[in-house]
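So the chains spell out like this:
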Amino acid sequence: MSDQSYLSLEKLTLAYGDTVAVADLDLDIRRGELIALLGPSGCGKTTTMRAIAGLLPVKSGRVRLDGADITHVSPNKRAVGLVFQSYALFPHLSVYENVAFGLRLKGMRGADLDARVQQGITSVGLSNFANRRPAELSGGQQQRVALARSMVMEPKVLLLDEPLSNLDARLRLEMRTELQRVQKETGVTMIFVTHDQAEALALADRIVVMKRGAIEQIGSPQDIYNRPQSSFVADFVGFENVFALEGGKLKANGHLYDLQGDVPSVAGLAWRPRMVALGEGPFRGTVRGTSFAGDRREYLLDTPLGPIKAEDDASAPVHELGTELAFDLPARKAAPLASFA
Ligand SMILES: Nc1ncnc2c1ncn2[C@@H]1O[C@H](COP(=O)(O)OP(=O)(O)O)[C@@H](O)[C@H]1O
Ligand SMILES: [Mg+2]
């Protein structure tokens, strides 16, 4: 555990019966950080959240929070808040009473209670809705109630498990900004689970990318987006052309190909579609698909290397289906990959 760490997961192993879902996971989170846990469905994000919340027994390893070992502390005693995708508000209670519920359970009453609830409701912009029932609110408003309900408990860590995935695209964007604002204003340490890379990039101080129950890469949004370390992360964040290297040559379909420029000695290289140079270069491909994407046009090329995804400005001349095109995969533009799965 590092000195700065507020929440530490140490060699955490989690299982359902004999099936290990998360293995030997180490993670140090600083106080006030907003961490995004990013990864495909089934990689162990929810399982990790449940263990931090105390809802799943730990098979081996430790969870430390604010200097205390909470590995075996019961959920209601560990000051960890949890907001799920289905926010499960009490349908028969008003917004006010939903937010007050946990505080009442803790024995809070009178003016203290009222002040805390009012502040919670105001902080998520719902002061005019205090007397409504959940059914009289939009999905986004219900999500805000769920957030306020957790925040008033003043958790040391707030866990949000895909809280925005039930909302439509516009609301999701709005709630994203809202979450970020509440987090910065209160300084609460937050772990936000998502399988949506754009959400993670927009929100997080640091992103933890998970794959099959283990951490694949940890870094700032800029690191993850620009400097993926493995073929898995590269592919996940939109480098759609990912290749292994062998002896400084690109390996594809069992053949080796020379690249132009200096090739770093790494396990692989990855190019985003817009990094592929269309119209010139040593490779040849046939346009198999093309689609208009607003400011750009996307191309799918059939090539000896396999399918290549490329992009051009929408203002550039269109390459029609069936056209044969030269292209280049410039080594200097590629993301160097330390590991290739
Ligand atoms: N209640 C359960 N019983 C058995 N296996 C489970 C259970 N919940 C999750 N798993 C398994 O554990 C792994 C991780 O699941 P989960 O943490 O829910 O993934 P994520 O949240 O990243 O989609 C998956 O292989 C999943 O099938
Ligand atoms: Mg999940």
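This structure is a prediction, so every number in the text was calculated from the model and none was measured.

K.L.:
Give me the overall build of the protein: which residues, what numbers.
P.N.:
The number of helices and strands found in the protein is 8 helices and 19 strands. Principal axes of the C-alpha set define a box for the protein whose edges measure 75 × 45 × 35 Å. For the protein, with 341 residues in total, the buried portion stands at 48%. Restricting the contact set of the protein to residue pairs at least 6 apart, pairs at least 24 apart contribute 65%. When the accessible surface of the protein is split by element, carbon and sulfur atoms take 48% of a total near 16400 Å². Here the protein contributes 39 positively and 40 negatively charged side chains, and the mean placements of these two sets differ by 5 Å.

K.L.:
An account of the sheet that holds strand β1 (residues 5-16) is needed here, citing residue identities and associated values.
P.N.:
Sheet strands pair by backbone hydrogen bonding; their relative direction is either parallel or antiparallel. Taking strand neighbours across the sheet as the criterion, the 4 strands line up as β2-β1-β4-β5 in an open arrangement whose pairing is antiparallel. Bordering the open sheet on either side are β2 (19-30) and β5 (68-69), each of which pairs with just one other strand. Pairing geometry for β1 and strand β4 (residues 60-65), over 5 bridges, is antiparallel. If you follow T13 over to β4, its bridge partner there is S60.

K.L.:
Can you explain the site of ligand 1? Please cite residues and give values.
P.N.:
All residues adjacent to ligand 1 are Y16, A21, P40, S41, G42, C43, G44, K45, T46 and T47. In this structure, K45 approaches ligand 1 through a side-chain N or O atom, which is 2.9 Å from an oxygen atom. Contacts to ligand 1 include T46, whose side-chain N or O atom sits 2.8 Å from an oxygen atom. Relative to its free-state accessible area of 560 Å², ligand 1 is covered by the protein chains to the extent of 55%. No other element matches the 3 residues that helix α1 (residues 45-53) contributes to the shell around ligand 1. Class assignment of the residues belonging to the shell around ligand 1 gives a composition of 4 nonpolar, 5 polar and 1 charged.

K.L.:
Outline the domain arrangement of the protein, supporting the account with residue identities and numerical values.
P.N.:
By domain assignment, the protein separates into domain 1 (7-233) and domain 2 (238-337). Each of domain 1 and domain 2 was reduced to a C-alpha centroid, and the two centroids are 39 Å apart. With 7 residues of domain 1 at the contact, the number on the domain 2 side is 8 residues. Note on domain 1 versus domain 2: buried area summed over both sides is about 540 Å², and carbon and sulfur give 52% of it. Of all residues in domain 1, the largest losses of buried area upon contact with domain 2 belong to Y225, P228 and S231, amounting jointly to 66% of the total for that side. For the pair domain 1 and domain 2, the number of links is 0 salt bridges. Our enumeration of links across domain 1 and domain 2 arrives at 1 residue pair in polar contact (both at pLDDT 80 or more). For the side of domain 1 that touches domain 2, the class distribution of residues is 2 nonpolar, 5 polar and no charged.

Procedures and definitions
- Residues numbered from 1 in each chain as written.
- Chains lettered and ligands numbered in written order.
- Predicted model: local features only at pLDDT ≥ 70, side-chain atom pairs only at ≥ 80, totals over all residues.
- Heavy atoms only, no water.
- Helix = DSSP H or I, 4+ residues; strand = E, 2+ residues; numbered from the N terminus.
- Buried < 20%, exposed > 50% of the residue type's maximum accessible area, 1.4 Å probe, protein only.
- Contact = heavy atoms within 4.5 Å.
- Areas by Shrake-Rupley, 256 points an atom, 1.4 Å probe, with all protein chains shown as cover.
- Lys, Arg positive; Asp, Glu negative; His and termini not counted.
- Charge placed at Lys NZ, Arg CZ, Asp CG, Glu CD.
- Pairing = 2+ DSSP bridges.
- Near = heavy atom within 4 Å.
- Polar contact = N/O pair within 3.5 Å; in protein donor to acceptor, adjacent residues only side chain to side chain.
- Nonpolar A, V, L, I, M, F, W, Y, C, P; charged D, E, K, R; others polar.
- Domains from an automatic or database assignment.
- Buried area = accessible area lost by both parts, 1.4 Å probe.
- Salt bridge = Lys/Arg side-chain N within 4 Å of Asp/Glu carboxyl O.

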